Amino acid sequence: MKNTALTDTHIALGAKMVPFAGFNMPVQYSGINDEHETVRTGVGVFDVSHMGEFILKGEKVLDLIQAVSSNDASKLYDGKVQYGYLPNETGGIVDDFLTYRIDQNTYFLVVNASNIEKDWNWITKYNSFGVDMKNISDETSLFAVQGPKAADALQSLTDIELASMEYYSFAKGKFAGVENVLVSATGYTGAGGFEIYVANEDAQKVWDAIFEAGAPYGIKPIGLGARDTLRLEMGFCLYGNDIDDTTSPLEGGLGWVTKFTKEFVNSANLKAEKEAGIKKKLVGFEMIDRGIARHDYEIVDAEGNKIGRVTSGTQSPTLKKSIGLGYVDNAFAKEGTKIFVSIRNQSIKAKVVKPPFVK
């Protein structure tokens, strides 16, 4: 089990720690509902230092990224971030990830914690372009400062103009007295905010400075439990739940980051799949009757015939009702369609809704 640079700090703060993606991680501090509300209405901080970071450099670095990424990285400019996925050769997804363009010959990739080694090996397999690759995951800490008060809470720590940063852009600069910190206007909560990348040796100093600057704004530490409820209220996919090596990115709603203006791994087959038409679709749903949908529960029709499965489900702290994501046959994918979730051998009524669940 790996620790982040701040594991002892989380334990001292009273966090409940759990194993996650090979790391000892804080799942909650004051409680999931309280932490969720803090991020939706104020500002909270996640230690997500378990995430993976790669630096790719070289004259042909863009060629390598274009070959492995579903999205079109040629659209990036210095200071811009892009979401995409790594298609595998069999119609599924190796991982979803972020691409940061530092400069023409330097890119920074952020990947999921559980897939660091898999992604590294996958990209290396296609690196026939002489690109210099460096895995800096073990020496990098990442704090996600999320919520509508994030810019105000952090501004005193940096000269970077936070409030005017475009969504999915980033800047490097001095932050909390530390040089060369990368600050990006990204996150996984839909509540706005920033992600801050620092070297492990500066992690405690930066964490402490964030909490000192954020104290007047009611800043709190937030665990992975609220991270999951927040992302699900936005309908964001979680790798390993909603998308994986066996799920089609087109069925999983990732057509918007699948750019057929170039060739990439398995692009010909994905294009043929798009032209033929997908047979099922990842949809959002909310429960009409009482019951909480959970991962891998069956979705059935009114007669009890299986039409799909739940991939993510929770009780929404904001909406006070159960919501979820799941794959259903195309005939049941239209907004407003009544479906049923099989919970303890009972068919519990739900309806298809278009995410985000919280507007």
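What counts as what
- Residues numbered from 1 in each chain as written.
- Predicted model: local features only at pLDDT ≥ 70, side-chain atom pairs only at ≥ 80, totals over all residues.
- Heavy atoms only, no water.
- Helix = DSSP H or I, 4+ residues; strand = E, 2+ residues; numbered from the N terminus.
- Rg over C-alpha atoms; globule rule 2.2 N^0.38 Å.
- Contact = heavy atoms within 4.5 Å.
- Areas by Shrake-Rupley, 256 points an atom, 1.4 Å probe, with all protein chains shown as cover.
- Lys, Arg positive; Asp, Glu negative; His and termini not counted.
- Charge placed at Lys NZ, Arg CZ, Asp CG, Glu CD.
- Pairing = 2+ DSSP bridges.
- Axes fitted to C-alpha atoms, helices over the stretch in contact; angles between N-to-C directions.
- Salt bridge = Lys/Arg side-chain N within 4 Å of Asp/Glu carboxyl O.
- Buried < 20%, exposed > 50% of the residue type's maximum accessible area, 1.4 Å probe, protein only.
- Phe/Tyr/Trp six-rings, centres within 6.5 Å; stacked < 30°, edge-to-face > 60°.

Caption draft 1: Just the overall build of the chain, in detail. Each helix and strand in the chain was counted, giving eight helices and 19 strands. Taking 21 Å as the expected radius of gyration for a compact globule of 359 residues, we find that the chain reaches 21 Å, a close match to that expectation. Restricting to contacts in the chain with at least 6 residues of sequence separation, those with at least 24 account for 65%. Of the roughly 15800 Å² of accessible surface on the chain, a fraction of 49% belongs to carbon and sulfur atoms. Computed over 38 positive and 46 negative side-chain charges, the inter-centroid distance for the chain is 7 Å.

Caption draft 2: Representation of the sheet that holds strand 16 (residues 306–316) within the structure. Strand order in the closed barrel made by the six strands is 14-17-16-15-18-19, with antiparallel pairing throughout. For this sheet, the mean angle separating the axes of adjacent strands, direction not counted, is 45°. Sheet strands in contact with helix 7 (residues 224–234) are strand 16 and strand 17 (321–329), and its direction is about 125° off that of strand 16.

Caption draft 3: Looking closely at the pattern of salt bridges. Within this structure, the stated rule accounts for 11 salt bridges. Note that Glu179 and Lys174 form a salt bridge whose closest N and O atoms lie 3.9 Å from each other. By relative accessible area, Glu179 is classed as exposed at 55%. One salt bridge in this structure joins Asp296 and Arg309, with 3.1 Å as the shortest N-O distance. With Asp296 in the loop between strand 14 (280–287) and strand 15 (298–300) and Arg309 in strand 16, this residue pair connects regions lying 13 residues apart in the sequence. For Arg309, a relative accessible area of 23% translates into the label partly exposed. Three or more residues joined by partner-sharing salt bridges are found here, namely Asp228, Arg231 and Asp242.

Caption draft 4: Inspection of the packing of aromatic side chains at higher detail. By the definition in use, this model includes 12 aromatic pairs. Arranged with centres 5.4 Å apart and planes meeting at 65°, the rings of Phe143 and Trp207 form a pair that is edge-to-face. Here the residue Phe143 occupies a position in strand 9 (residues 140–146), and Trp207 occupies one in helix 6 (residues 200–214), the gap between them amounting to 64 residues. Assessed through its relative accessible area of 2%, Trp207 is described here as buried. Note on Tyr188 and Phe236: the rings are 6.0 Å apart at their centroids and 15° apart in plane angle, and the pair reads as stacked. Of this pair, Tyr188 sits in the loop between strand 11 (178–184) and strand 12 (193–199) while Phe236 sits in the loop between helix 7 and helix 8 (267–276), placing them 48 residues apart in sequence.

Caption draft 5: Up close: unusual backbone geometry. Between Pro355 and Pro356 the backbone carries a cis peptide bond, its omega angle lying at 5°. Mapped onto the secondary structure, Pro356 falls in the segment after strand 19 (346–353). Non-glycine residue Asn180 carries a positive phi angle of around 60°. Turning to its location among the elements, Asn180 is positioned in strand 11. When its relative accessible area of 55% is taken as the criterion, Asn180 is described as exposed. For Arg344, which is not a glycine, the phi torsion comes out positive at approximately 50°. Mapped onto the secondary structure, Arg344 falls in the loop between strand 18 (338–343) and strand 19.

Caption draft 6: The arrangement of the sheet that holds strand 4 (residues 52–57) in detail. An order of 5-6-7-4-8 is seen for the five strands of this open sheet, with the pairing classed as antiparallel. Each edge of the open sheet is held by one strand with a lone partner, namely strand 5 (81–87) and strand 8 (132–135). Ignoring which end each strand starts from, the neighbouring axes of this sheet average 25° apart. In terms of strand pairing, strand 4 meets strand 8 through four bridges, oriented antiparallel. Bridging from a neighbouring strand, Lys57 pairs with Asp132 of strand 8. Across the sheet, helix 3 (residues 61–68) touches strand 4, strand 5, strand 6 (93–103), strand 7 (106–111) and strand 8, and the angle it forms with strand 7 is around 30°.

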